[in-house]
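Observations on chain architecture
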Amino acid sequence: MAIELANHIYRDGEGVPVVLMNAYPVDHRMWDVCAKALADLSYLNDVPPFPIWAPDMAGSGESPVPSAEDSGPQMANGAYTEALDRLADAYVDLVKSAGYGQAIWVGLSMGGYVAMDIQRRHPQTVAGLALCDTMAASDGTGGEGRLAMADAAEQTDSVEPVMHFAKPSEGDSTVKKTPEFITTMTHWIEEQAPAGLAWRQRMTYGRPDMDAVPETISAPTVVVSGELDPTSNPSVMKPLAARIAGAEFVDIPDCGHFSAVEHPETVARALLSLVRRVQAAR
């Protein structure tokens, strides 16, 4: 057995697929508007249709929570030390089983950790890379909040411990403060499995340190950062982009952590530019 991923195909087409990997604590639906914008922009710019996919990350949406056996070794604090590697392998297997040797890997936040690990483990499958509101370093010490959140979700068997993701704070973006964003994000979170929320945090806490990965990236890359993102703003993301040969950097004003949800068309434009660079390189 291996980690199972429920794939969602927004569009079929020719060439390598664009694979969108979701953030925590939601599922593939966070890409819905951005994916449509990407498809529409490609049509308007006479770019031949290419596949656009968004698998639910393991433990989110329709993807089952991996078993202990499929998750691999577990630390005394509950973190999984091999789960991210196994998850990265599952994404690559999904692409290969559909007959593709490469993909344009797009990851936002936790999805970005997967993208970075795919680059580390399977660089030959990387036709292009988009790193949105994410980072390369591991949590190490200081990421204990993830484990506390995991414990709380399991112990209460509820999504309440992560509901703060749907509640704006003073410094948040205009979009994040709108009733529409709050309602949508609340709805998405309410439909997650508490055990899946816990698994994703344990997987992320135990991830390997990928600080050396950016220098290994040779495929066309775009790095996207919301200027109001509390953890992955331009002060974090611009130096990351500078370490990747030829990377484009896109900073989005009045935007927080969920850039593809808050400003989907801006992210879609960055992704279309990436697709065109990949096509030109091929």
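Residues numbered from 1 in each chain as written. Predicted model: local features only at pLDDT ≥ 70, side-chain atom pairs only at ≥ 80, totals over all residues. Heavy atoms only, no water.

1. Let's talk about the packing of aromatic side chains
On inspection of all chains with the given rule, the structure shows three aromatic pairs. Between the aromatic rings of Trp53 and Tyr100, the centroid separation amounts to 5.8 Å while the plane-to-plane angle is 75°, which identifies the pairing as edge-to-face. You can see Trp53 sitting in strand β3 (residues 52–53) and its partner Tyr100 sitting in the loop between α3 (83–97) and β4 (103–108), a full 47 residues away along the chain. The exposure class of Tyr100 is partly exposed, given its relative accessible area of 23%. The side chain of Arg11 reaches across the aromatic face of Phe50, ending 4.6 Å from its centre. Taking NZ or CZ as reference, Arg207 lies 3.9 Å from the ring centre of Tyr113, over its face. (Phe/Tyr/Trp six-rings, centres within 6.5 Å; stacked < 30°, edge-to-face > 60°. Helix = DSSP H or I, 4+ residues; strand = E, 2+ residues; numbered from the N terminus. Buried < 20%, exposed > 50% of the residue type's maximum accessible area, 1.4 Å probe, protein only. Lys NZ or Arg CZ within 6 Å of the ring centre and 35° of its normal.)

2. Focus on the side chain of Asp117
Inspection of the secondary structure assignment puts Asp117 in helix α4 (residues 110–121). At 2.8 Å, the side chain of Asp117 forms a polar contact with the side chain of Arg120. Excluding its chain neighbours within four sequence positions, the residues that come into contact with Asp117 are Leu84, Asp85, Ala88, His122, Pro208 and Met210. (Polar contact = N/O pair within 3.5 Å; in protein donor to acceptor, adjacent residues only side chain to side chain. Contact = heavy atoms within 4.5 Å.)

3. With respect to the environment of Gly101
Within the secondary structure layout, Gly101 lies in the loop between α3 and β4. Gly101 sits 84 residues away from Pro17 along the chain, and the two C-alpha atoms are 9.9 Å apart. If we ignore the near neighbours within four places in the chain, the residues touching Gly101 are Gln124 and Thr125.

4. Focus on helix α1 (residues 32–44)
With 13 residues, α1 ought to run about 18 Å at 1.5 Å a step, and its terminal C-alpha atoms sit 19 Å apart, in line with that. Cys34, Ala35, Ala37, Leu38, Ala39, Leu41 and Ser42 are the residues of α1 that are buried. In the core, the buried residues of α1 are packed alongside β1 (9–11), β2 (18–21), β3, α9 (259–262) and α10 (264–281). One or two steps after α1, the chain reaches Asp46, where phi turns positive at roughly 55°. (Expected span 1.5 Å × (residues − 1).)

Any functional reading would require information that these geometric values do not contain.
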